[in-house]
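# A closer look at the structure
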Amino acid sequence: MSISQQKEQNHIFLGGTTAAAAAMVNVAGVMVFFAYTANITGHVATLAEELVKGHWYQTSIVFIWLFLFFMGSFTAQSLVSLFEENKPYLSHAAPILLEVVILLIVGIYGHLFYHESLRETELLVACLIFCMGLQNGMVATISANKVKTTHLTGLITDLGREVSSALLKKNISDELMSNLKLHATILFFYVIGGILGGYFFLMFDFQVFYLVASLLAFVLYYDFNNR
Amino acid sequence: MNWIRTRRYTLFILLGLLCLFLLAVQTVVRLNPEQIITGQWKETGWTYENIDTRNFVYHDIKLTRKHEAESWRITSDGRLYFYNGQDIAAEATWKIKGRAHVLQITYEDGSTELYNIKELTNDYMVLNFDIGIESRGIARLVFHKLKNS
């Protein structure tokens, strides 16, 4: 297998698994907290709405959530930069490890201690949003901006353009085919992850976060074995 | 570790953390919606908005318990009492979810109702009953807080 093929395969694996993880977290977040954890565009719209209405409390909360998504991506890039020269494996592993730890904390707290107070809800949503920023930042960094898995607006836009190009052009380039496969895989696994996340949440409640953490641990294992 | 020594980078982190801290403090210092909502609320309005036929929406929501009550007493221990005059018509528990925009009411039989909190101040509260995004209308409940509550 050539290096570019190996790279493509890694991107597809990384995109598929992290998209499934993001979808599970997003759906579980909506079901338990009534708040999206990966839909940042929606939060920006909400921020504007709450601001216009003069709802300062809600505006502050949404702003903090948005900021934490930003900080998640910021932290991911910082960790990658910190380790990439001396410990390249750790540069990929550290953001995922941090995400796994936070997801486990959310899962354990939600499972054993959550009393459904507003403060707890806001804090747990904040943790999940930070995780999604972390994951999206890490995936975007190590795939050189090819993969982003926590939101689908850009992805479906790209997919639409790529499908059109693939149908209209006589010669489909390798790059186009590669992007098409990657984006279709991410979309597929996001949908599957969302469905499974909702189903497992109804069955196992907060323990669904253990499942997401396990999935990400598998990503770590795969990354380690493919070095 | 050269990258972390750059002044621009450190300043950026500090400013970010400071903003987050100030916002968090500001939010915590403000009255919590869970505290604002506690008290005795008198239902003063029950209106339908954006609908073509009243019966269509009314059909969806007529079974809800709120019709039994003239006032609600919301306590800090998570209990909600629906009053008809002086009598308690029903009891439930309440939670606020999301960004303090969802009021979840769970009745003793386990059934749940969701309300969208449109306004919540120390004097009045406006709730939209969640009847599904497909329905072409909303039921709006307006409450005023009783002064002695």
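Just above sits the structure.
All values derive from a computational prediction rather than experimental measurement.

### Structural notes on the overall build of chain A
Along chain A, the regular secondary structure elements total eight helices and zero strands. Beginning at the N terminus, the succession of helices and strands in chain A can be written as α-α-α-α-α-α-α-α. Here chain A holds 227 residues, and the buried ones make up 44% of them.

### Points about the overall build of chain B
Within chain B, the secondary structure is distributed over four helices and eight strands. Its helices and strands taken in sequence order, chain B reads α-α-α-β-α-β-β-β-β-β-β-β from the N to the C terminus. Scored against the burial criterion, the 149 residues of chain B give a buried share of 17%. When contacts within chain B are restricted to residue pairs at least 6 apart in sequence, those whose partners lie at least 24 apart make up 43%.

### Looking at the packing of helix α1 (residues 3-33) of chain A against helix α8 (residues 208-225) of chain A
All names here are of chain A. At a minimum axis separation of 10 Å, α1 and α8 run at an interaxial angle of 165 degrees. In terms of their interaxial angle, α1 and α8 are classed as roughly antiparallel. Note on packing geometry: the crossing formed by α1 with α8 is left-handed. The residues of α8 that touch α1, namely those facing F13, L14, T17, T18, A20, A21, M24, V25 and A28, are V208, F209, V212, L215, L216, F218, V219 and Y222. Its residues assigned to classes, the contact of α1 with α8 comprises 15 nonpolar, two polar and no charged.

### Details of the interface of chain A and chain B
The interface is formed by 17 residues belonging to chain A together with 19 residues belonging to chain B. Elements with a minimum of two residues in the side of chain A that touches chain B: α3 (56-83) and α5 (118-142) of chain A. Among the elements that make up the side of chain A that touches chain B, the one with the highest residue count is α3 of chain A (10 residues). A per-class count over the side of chain A that touches chain B returns 11 nonpolar, five polar and one charged.

### A word on the pairing of strand β6 (residues 112-120) of chain B
Residues and elements named next belong to chain B. In this structure, strand β5 (residues 102-107) lies alongside β6, joined through five bridges in antiparallel fashion. The partner of Q104 across the bridge, within β6, is L114. Summarising the sheet, β6 and strand β7 (residues 124-129) pair through five bridges and their orientation is antiparallel. Within β7, the position partnered with E119 by the bridge is V126.

### A word on the environment of Y115 of chain B
Residues and elements named next belong to chain B. By the secondary structure assignment, Y115 is in strand β6. Taking the C-beta count within 10 Å as the criterion, Y115 has 21 such neighbours and is therefore assigned buried. For the pair formed by Y115 and F82, sequence separation is 33 residues and the distance between their alpha carbons is 15 Å.

### Remarks on the nonpolar core
Nonpolar side chains in soluble globular proteins generally cluster together in the buried interior. Counting residues in each nonpolar core, the largest one holds 55 residues, and the members touching the most others are M24, V25 and V212 of chain A. Elements represented by at least two residues in this core include exactly α1, α3, α4 (88-112), α5, α7 (174-204) and α8 of chain A. Counting 19 residues, the second-largest nonpolar core is a separate cluster that includes W41, F82, I117 and L120 of chain B.

### Description of the pairing of strand β2 (residues 71-74) of chain B
Residues and elements named next belong to chain B. The alternating pattern of β2 places W72 and I74 on a buried face, while none of S71 and R73, on the opposite face, is buried. Judged from the four bridges that link them, β2 and strand β3 (residues 79-84) form a sheet pairing that is antiparallel. Bridging from a neighbouring strand, W72 pairs with F82 of β3. Counted along the chain from β2 to the antiparallel partner β3, the turn is four residues long, and its residue G78 has a positive phi close to 90 degrees.

### A few points about the environment of T46 of chain A
Secondary-structure assignment places T46 of chain A in helix α2 (residues 40-53). Taking C-alpha positions, T46 of chain A is 30 Å from L14 of chain A, a pair spaced 32 residues apart along the chain.

### Some words on unusual backbone geometry
One non-glycine residue, D205 of chain A, adopts positive backbone phi at about 60 degrees. Inspection of the secondary structure assignment puts D205 of chain A in the loop between α7 and α8.

### Examining α2 of chain A
Residue and element names in this part refer to chain A. Across its 14 residues, α2 extends 20 Å between first and last C-alpha, which sits within 8% of the 20 Å expected from 1.5 Å per residue. Along α2, the residues that are buried comprise I40, H43, T46 and E50. One side of α2 carries all its buried residues, which in axial view fall inside an arc of 105 degrees. Opposite its buried face, α2 presents the exposed residues T41, V44, A45, A48 and V52, each directed more than 90 degrees away. Tucked inside the fold, the buried residues of α2 contact α3. Of the residues trailing α2, G54 is marked for its positive phi of about 75 degrees.

Basis of the calculations
Residues numbered from 1 in each chain as written. Chains lettered and ligands numbered in written order. Predicted model: local features only at pLDDT ≥ 70, side-chain atom pairs only at ≥ 80, totals over all residues. Helix = DSSP H or I, 4+ residues; strand = E, 2+ residues; numbered from the N terminus. Buried ≥ 20, exposed ≤ 12 C-beta atoms within 10 Å, placed from the backbone. Contact = placed C-beta atoms within 7 Å. Axes fitted to C-alpha atoms, helices over the stretch in contact; angles between N-to-C directions. Parallel < 35°, antiparallel > 145°, perpendicular 65-115°, else oblique. Left-handed = near helix turned anticlockwise from the far one by under 90°. Nonpolar A, V, L, I, M, F, W, Y, C, P; charged D, E, K, R; others polar. Pairing = 2+ DSSP bridges. Core = buried A, V, L, I, M, F, W, Y, C linked by C-beta atoms within 7 Å. Expected span 1.5 Å × (residues − 1). Arc of directions from axis to C-beta.

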